Amino acid sequence: MGCFFSKRRKAEKESRPEKEEEQPKQYSWDQREKVDPKDYMFSGLKDETVGRLPGKVSGQQFLIQDCENCNIYIFDHSATITIDDCTNCIIFLGPVKGSVFFRNCRDCKCTLACQQFRVRDCRKLEVFLCCATQPIIESSTNIKFGCFQWYYPELAFQFKDAGLSIFNNTWSNIHDFTPVSGELNWSLLPEDAVVQDYVPVPTTEELKAVRVSTEANRSIVPISRGRRQKSSDESCLVVLFAGDYTIANARKLIDEMVGKGFFLVQTKEVSMNAEDAQRVFREKAPDFLLLLNEGPVIALEFNGDGAVEECQLIVNETFNGTKMFVSESKETASGDVDNFYNFADIQMGI
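What counts, and where the lines are drawn
- Residues numbered from 1 in each chain as written.
- Predicted model: local features only at pLDDT ≥ 70, side-chain atom pairs only at ≥ 80, totals over all residues.
- Heavy atoms only, no water.
- UniProt positions renumbered as here; feature names shortened; annotations may be inferred.
- Helix = DSSP H or I, 4+ residues; strand = E, 2+ residues; numbered from the N terminus.
- Buried < 20%, exposed > 50% of the residue type's maximum accessible area, 1.4 Å probe, protein only.
- Expected span 1.5 Å × (residues − 1).
- Contact = heavy atoms within 4.5 Å.
- Pairing = 2+ DSSP bridges.
- Axes fitted to C-alpha atoms, helices over the stretch in contact; angles between N-to-C directions.
- Phe/Tyr/Trp six-rings, centres within 6.5 Å; stacked < 30°, edge-to-face > 60°.
- Lys NZ or Arg CZ within 6 Å of the ring centre and 35° of its normal.

Per an unreviewed UniProt entry, the protein chain goes by Protein XRP2 and derives from Prolemur simus. The protein chain has a UniProt comment under Subcellular location (unreviewed entry) that states "Cell membrane". UniProt, in the comment section headed Subunit (unreviewed entry), describes the protein chain in these words: "Found in a complex with ARL3, RP2 and UNC119 (or UNC119B); RP2 induces hydrolysis of GTP ARL3 in the complex, leading to the release of UNC119 (or UNC119B). Interacts with ARL3; interaction is direct and stimulated with the activated GTP-bound form of ARL3."

Printed below as a string of structure tokens:
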């Protein structure tokens with residue numbers, strides 16, 4: 001006596017038309033949109049203005065090569081970007097999750113944000129930079145750096161998509177792999193350098209759709225003095241703890257202090273543990289331990305005569321009820337700054 005189900009399957013197979021074949025299985029990766037490398041490349045261009053609008057790169061790798069006298073704008077986040085053999089170009093790069101690598105380029109002006117920045121075999125580059133790690137130059141000359149200064153509505157979200165913090169910017173802490181005795185292969189741009197004079201806003205109809213501003217007070221990345229010589233012996237450390245309004249509060253405090261004539265020297269966003277808190281906050285550490293569990297802290301260093309007193313005044317008046325660490329006195333402030341940034345740089349591998 002045969003099995004009913006086996007007979008049924010046999011009957012179904014025999015009744016199937018001879019030309020009908022079983023369709024191959026469809027998997028999710030088979031249905032992904034195919035990536036055309038040409039969509040993520042500018043190559044061999046001359047005297048052109050080109051770019052990619054927000055949403056057109058979406059975290060892919062990008063290549064720029066053999067371009068001359070071109071204006072190039074990437075208004076999106078990407079994985080990595082390599083720029084090879086370009087001459088006399090203006091380049092804007094939105095946030096790059098990994099590295100930006102310039103090779104054999106000359107006479108270029110750039111504004112960009114990235115995790116890692118490297119230059120090799122280049123000469124005469126002027127770069128407004130936001131870089132999470134120490135920028136590196138190698139076998140290069142006349143490389144000048146300034147602080148990133150740029151805004152468009154999508155930029156803040158692109159920083160998040162690229163995994164970059166607007167507060168982690170070591171733009172002026174340059175390492176030269178191939179120093180020459182008695183010479184300096186890099187320098188800082190003048191403090192009053194106007195980014196628009198170096199990397200102007202695009203004027204083509206397509207790229208004008210991106211609402212760009214290069215005004216200092218609108219820059220997504222806070223404009224810091226970095227390693228320029230400080231104007232005063234007095235600095236003040238302010239540490240803001242994670243919460244719904246931490247970034248907004250940091251921006252407001254920066255605006256208030258800069259508006260009163262003080263300088264923002266550096267910023268940092270890092271996670272802290274109890275040991276770090278003890279080192280930085282000393283006897284006040286117990287007041288902040290629970291707050292450290294909420295997420296990374298944001299630290300700001302301000303410089304100028306009277307910075308400590310003014311910081312305390314603004315925090316007490318404007319942010320009353322919001323817990324922050326502020327240096328207690330001019331005498332302790334320098335140690336606060338050194339303790340915090342030493343630990344933060346070690347944590348970030350700088």
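J.: Could you give me a rundown of unusual backbone geometry, with the residues and numbers involved?
T.: The phi angle of most residues is negative, glycine excepted, and most peptide bonds adopt the trans form. One non-glycine residue, Asn-69, adopts positive backbone phi at about 55°. Structurally, the position occupied by Asn-69 is in the loop between strand S3 (62–65) and strand S4 (71–74). On the basis of relative accessibility, which here comes to 38%, the residue Asn-69 falls in the partly exposed class. In this structure, Asp-85 is a non-glycine residue whose phi angle is positive, near 55°.

J.: Any details on helix H7 (residues 330–348)? Residues and values, ideally.
T.: Across its 19 residues, H7 extends 28 Å between first and last C-alpha, which sits within 8% of the 27 Å expected from 1.5 Å per residue. Listing the buried residues of H7 in full gives Ala-333, Asp-336, Val-337, Phe-340, Tyr-341, Phe-343, Ala-344 and Asp-345. Lining the buried residues of H7 we find strand S13 (235–240), strand S14 (263–270), helix H5 (274–281), strand S15 (297–303), helix H6 (307–318) and strand S16 (324–326). Trailing H7 by a residue or two, Gly-349 shows a phi angle of about 75°, which is positive.

J.: Got a sec to walk through the sheet that holds S13? Specific residues and values, please.
T.: A sheet is described by the order of its strands in space; here four strands give the open sequence S14-S15-S13-S16, paired in antiparallel fashion. Lying at the two open borders of the sheet, with one neighbouring strand each, are S14 and S16. Strand-to-strand twist of the sheet, defined as the mean angle between neighbouring strand axes without regard to direction, takes the value 15°. Where S14 meets S15, seven bridges bridge the pair, whose relative direction is antiparallel. Each residue of the ladder has a partner; that of Lys-268, found in S15, is Ala-299.

J.: Describe the packing of aromatic side chains, naming the residues involved and giving the relevant values.
T.: In total, this model carries 17 aromatic pairs according to the counting rule given. With a centroid separation of 6.0 Å and 85° between ring planes, the pair formed by Phe-117 and Phe-145 is classed as edge-to-face. You can see Phe-117 sitting in strand S7 (residues 106–120) and its partner Phe-145 sitting in strand S10 (residues 141–147), a full 28 residues away along the chain. Where Phe-281 meets Phe-325, the ring centres are 4.8 Å apart and the plane angle is 45°; that geometry is what we call tilted. Placement of the pair is Phe-281 in helix H5 and Phe-325 in strand S16, with a sequence separation of 44 residues. One aromatic cluster is present, formed by Tyr-73, Phe-75, Phe-92, Phe-148, Trp-150, Tyr-152 and Phe-159 through successive ring pairs. One cation-aromatic arrangement involves Arg-103 over Phe-101; the distance from NZ or CZ to the ring centre is 5.2 Å.

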